[in-house]
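Structure at a glance
If you want the building blocks of each chain, they are given just below.
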Amino acid sequence: MSNINLIKLKFFIIFLIAIILFPINSNSEEILIKPDDIGNYCDNFSKDFLIKKINKVNSLEINFDDDRAWIKNSIQIITSGSDNILRKFKKRFKANITVNFDENIQCNFRAKIRQHGDKLDHINYRDGIFRQSMDVELINGNIFGITQFKLINPESRNRKNDLIFISFLEEMGLLAPRTFFTNAKVLDKETTYIFQEKIVKEFLEFNNYREGPLIEGDERFMFVHTKSKDSKKKYLILTKLKNAKWSKRSLDNFYTSIDALSRLNYLYLSGVKEQIEKIKFANIELPDQKKDSTNNIFEAIMFASHSTHGLHSHNRTFYFNPITYEFLPIYYDGLVKFYLSEFNEVKVSQSAIDGSLNTIKLLNKVDNKKIQNKVNSSLPNITLKEITKIKKILIKNLENISKIKLENNEGDKIINRNFFNFNKEKYRDTNLVFFNNKNNVFYICDINIKNCIEKNNTEKTRKNILLLPNVFVGFSNSNLNISFEPENFIWNKNFLFNKKTKILANENIKVKIENNKIIFNQTDYNGQVLIKDGNLENVTVIFNGDGQIKNNDFKKPITGCVTFYNLSISNLNFISNNANCEDALNIVKSKGNIKDIKINNSASDALDVDFSDLEINSITINEAKNDCVDFSYGNYSINSVSSKNCGDKGISIGENSRYEIDNYFSNYSKIGLASKDSSEGKITNLNFGKQVKLCIALYRKKQEFLGSLLNYSTLNCPSKNNYVSNTSQLNLIN
């Protein structure tokens, strides 16, 4: 071989090695910062759900990985000899679920399924067919944003009434899980089921609430084997967290959770030796909150529909709002019956009486035709006449409830150590847990608080104190003097602005109001402000941070240095400098129009807007260590946005948002615009600077959502890098 050929061979080998080690890719920047896209939703139909607006399930089919194991478990439930379905029979089985949607679209998802229900009415075997209620957790995919749901055997309850009643609750603005009838084939046998979403994070967000403690009556001690020794013993029903995982994400979440448990446990203990009508659930508001509450309205409509099964303490479910420290009731398992009653033989709560007239006002606003259409979407042949009759029954019953006079000479019950005089031998094994905030320790005691063990407040202890047989009760000092007042409610400055709007601040904020300006000066890095329940018109709000950042563990339930909550806003200006919270400004559940937002030097996100309906003229962000602008769960119309020096995204839009932006400019950010998770929008002019690595990213980040759809008119993207997943669509329009 000649020297020339040898040299050529060496160069060729070096070239091959270079290609292997350093592949050439015109979109290498895109690969380096590829967004966290979880990808496909439903094979080739992913985009159809965005474009065709699929909104109906025709049927389901469930195929277990191991049919024999599921059947064996079902037989063991029926033959166990107990009237209760025991916990050991509620293990999960893996399965495939085929969902047949409208438009001939079929999707296949993986799932984990277990038996649902406490009593044997949730399972029967007849004519060679098991009819049983199931608890389903999808491993991938979702059904209209729902990833966890129940398929309930309709024979276990009067589920037609349940469906109609839930439709009324939804139209009245009360919380109830989405519910509909559907056909399902299980073990090759087809039958009709009630599809009902579980009360989890997706349920809250669908109803425009941020995730927070979900609290329910604690049934863990109730359903033992009916022939066991424990079946003859009494049991104590207090409350427990449904979503304990949320409490474990941060210390602040944990403290918020035990505040909520403590406040509700006081009411449960007040009624533990009484009847249901003695439990004053309307008293769970803090002193600065209205007595004419959602809880009164909820109890009124529950009594009017004879749904008192859902008012039993062990069936109650509440959402504790971590921003406002308010409880909201959630409907579950009412055993609804629609008939007229004078309530002569029924003991009605004072809360229901107090809420009856306001409930009538809400019912009168409900559109009967809308209720009929909603019910008919899964249960045909329900007539408008039938809906009208039901509404008249409810209103008449509420009128009767409003006339009831109760004699109530009782003051608030004193719950102290002496109250817990339970006979330990007559109660099922239960440990009561108290927290000493001052000494930072837990006390784990027996049911009569005579034998207590002290545990330091560690991550391991916090994890174990919520597990059986432990029940968190409330707070105490070292002498076990018991308190149920929230220990971590952070607002110690509370006053009204313009006679309507509440301003709450903690001790690390100085407040100054002059002319049409509200100025908040942070004196310590923990300083935060909450403005809620009113209106802000023609004012300028200014926040000046102290510039300190002692940690970047942003995991507080209240994320904003300034939070606007449930406000009507008009012609507002907002300015923030040197904010050191997770968000400089967090706007939640608010509506109206904003003139100008200017945020400089934010330690994490600058602007975060959730569950709102807003028009904004101008947004200018300069320097945020994370995202400059975040929009989620709302409707947003914006004239111009400028975001510079963003640690991550210039704008992030997600969680089912709808948006229109006329002009958007971004520079010095990793991703200029991220639109994801079932969000749809239009941006007229998109301009990105040379330092934006990825101009546009459209994708699906979370299991409960689809991809994203964006229409635009002009696009200037110097990097030429865009990312559009197979679940999303980017359209150029004239």
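Here, the structure is the one placed above.
Basis of the calculations
Residues numbered from 1 in each chain as written. Predicted model: local features only at pLDDT ≥ 70, side-chain atom pairs only at ≥ 80, totals over all residues. Heavy atoms only, no water. Helix = DSSP H or I, 4+ residues; strand = E, 2+ residues; numbered from the N terminus. Buried < 20%, exposed > 50% of the residue type's maximum accessible area, 1.4 Å probe, protein only. Contact = heavy atoms within 4.5 Å. Lys, Arg positive; Asp, Glu negative; His and termini not counted. Charge placed at Lys NZ, Arg CZ, Asp CG, Glu CD. Disulfide = S-S within 2.5 Å. Expected span 1.5 Å × (residues − 1). Core = buried A, V, L, I, M, F, W, Y, C linked by side-chain atoms within 4.5 Å. Salt bridge = Lys/Arg side-chain N within 4 Å of Asp/Glu carboxyl O.

Summing up its helical and strand segments, the protein chain has 13 helices and 37 strands in all. Dimensions of the protein chain, computed from C-alpha atoms along their principal axes, come out at roughly 100 × 70 × 60 Å. Taken across its 734 residues, the protein chain has 54% of its residues classed as buried. Looking at the protein chain alone, contacts between residues at least 24 apart form 58% of all its contacts between residues at least 6 apart. Computed over 102 positive and 83 negative side-chain charges, the separation of the two mean positions in the protein chain equals 3 Å.

Bringing the state of the cysteines into the picture now. The full count for this structure, using the stated rule, is 5 disulfides. The residue that forms a disulfide with cysteine 42 is cysteine 107, at a sulfur-sulfur distance of 2.0 Å. Because the torsion about its S-S bond is -105 degrees, the bridge between cysteine 42 and cysteine 107 counts as left-handed. Note that cysteine 42 is positioned in the loop between helix 2 (28-32) and helix 3 (46-51) and cysteine 107 in strand 3 (residues 106-115), a separation of 65 residues in sequence. Take cysteine 42 and cysteine 107: they sit in the same class, and that class is buried. Residue cysteine 695 pairs covalently with cysteine 717 via a disulfide, S to S 2.1 Å. Measuring handedness by torsion sign, the sulfur bridge of cysteine 695 and cysteine 717 sits at about 95 degrees and is right-handed.

Residue position: phenylalanine 611 is located in the loop between strand 28 (605-610) and strand 29 (613-624). Taking C-alpha positions, phenylalanine 611 is 7.3 Å from serine 590, a pair spaced 21 residues apart along the chain. Leaving out residues up to four positions away in the same chain, phenylalanine 611 has contacts with Glu205, Asn208, Tyr209, Arg210, Val588, Lys589, Ser590, Ser632, Tyr633 and Tyr636.

Looking now at helix 5 (residues 159-171). With 13 residues, helix 5 should cover 18 Å at 1.5 Å per step; its first-to-last C-alpha distance of 19 Å lies within 8% of that length. Taken together, the buried positions of helix 5 are Arg159, Asn161, Asp162, Leu163, Ile164, Phe165, Ile166, Ser167, Phe168 and Leu169. Immediately beyond the C-terminal end of helix 5, within one or two residues, lies glycine 173, with a positive phi of roughly 85 degrees.

Further remarks concern the nonpolar core. Formed by 58 residues in total, the largest nonpolar core has its most connected members in Phe520, Phe564 and Phe631. Broken down by element, the residue count for this core peaks at 8 residues, all from strand 25 (residues 560-579). With residues up to four places along the chain from it excluded, the contact list for phenylalanine 631 reads Val609, Ile616, Ile619, Tyr636, Ile638, Ile651, Ser652, Ile653, Gly654, Glu655 and Ser657.

As a further point, take unusual backbone geometry. In the segment running from leucine 468 into proline 469, the intervening peptide bond is cis, with an omega of 0 degrees. Secondary-structure assignment places proline 469 in the loop between helix 13 (459-464) and strand 17 (470-476). With a phi close to 65 degrees, aspartate 188 is a non-glycine residue in the positive phi region. Mapped onto the secondary structure, aspartate 188 falls in the loop between strand 8 (179-186) and strand 9 (189-197). A positive phi angle, near 55 degrees, is found at asparagine 515, a position not held by glycine.

Turning next to the pattern of salt bridges. Oppositely charged side chains are able to pair whenever their charged atoms sit close together. Tallied over the full model, the rule gives 31 salt bridges. Lysine 374 is the partner of glutamate 171 in a salt bridge, and the nearest nitrogen-oxygen pair spans 3.0 Å. Within this pair, whereas glutamate 171 is found in helix 5, its partner lysine 374 is found in helix 11 (residues 368-376), the two being separated by 203 residues in sequence. Where lysine 240 meets glutamate 216, a salt bridge forms, and the shortest distance between an N and an O atom there is 2.7 Å. Of the two residues, lysine 240 is situated in strand 11 (residues 239-241) and glutamate 216 in strand 10 (residues 214-217); the sequence distance between them amounts to 24 residues. Several salt bridges share partner residues, and in doing so they unite Arg92, Lys112, Arg114, Asp135, Glu137 and Lys198 into one network.

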